[in-house]
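# Fold and geometry: a report
This is what each chain is made of:
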Amino acid sequence: MSKSTKPIVIEEPVIDPRVLDSARQHLFEPKPIETFPCRICAEPGASEQSEGLCWVCRRLKISAWRDTEVQIPMSK
């Protein structure tokens, strides 16, 4: 014995179209990122997320941190 079920048909949209449009705008339209001059070299392109550093200075900072972690202190 198998029951046959009829698919449920919804005539009205589940989500309000205005809410759906607003969500699409937030997801698919990138927000402009405000940029500042770099604190080290004054090149434009730094952002608050990058600690006020351009991408070059930020990479140099990260590389310097890695170098100091890798070095083993010499002892006699």
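Each value, and the rule that gives it
The residue numbers shown here count from 1 along each chain, following its written sequence. The model is predicted, so local features are restricted to residues of pLDDT at least 70 and side-chain atom pairs to those at 80 or more, both for listing and for counting; the totals for chains, interfaces and linings are taken over all residues. Values shown for side chains rest on all heavy atoms present in the structure; no hydrogens or waters enter the calculation. Numbering of helices and strands starts at the N terminus; helices are DSSP runs of H or I of at least 4 residues and strands are runs of E of at least 2. Accessibility here uses a 1.4 Å probe with only protein chains present; expressed as a share of the type maximum, an area under 20% marks a residue as buried, one over 50% as exposed, and anything in between as partly exposed. Counted as salt bridges are all cases of a side-chain nitrogen of Lys or Arg within 4 Å of a carboxyl oxygen of Asp or Glu.

Moving on to unusual backbone geometry. For residues other than glycine, phi is negative in most cases, and the peptide bonds are mostly trans. In this structure, A42 takes a positive phi of about 65° despite not being glycine. By the element assignment, A42 lies in the loop between β1 (36–37) and β2 (44–46). For A42, a relative accessible area of 52% translates into the label exposed.

For the coordinates displayed, the defined rule picks out three salt bridges. Residue R18 is joined to D16 by a salt bridge in which the shortest nitrogen-to-oxygen separation is 3.2 Å. Here D16 falls in the partly exposed class, since its relative accessible area comes to 34%. Close ionic contact of E51 with K61 constitutes a salt bridge, the shortest N to O distance being 2.4 Å. Placement of the pair is E51 in the loop between β2 and α2 (55–70) and K61 in helix α2, with a sequence separation of 10 residues. Residue classification places E51 among the partly exposed positions, given a relative accessible area of 39%.

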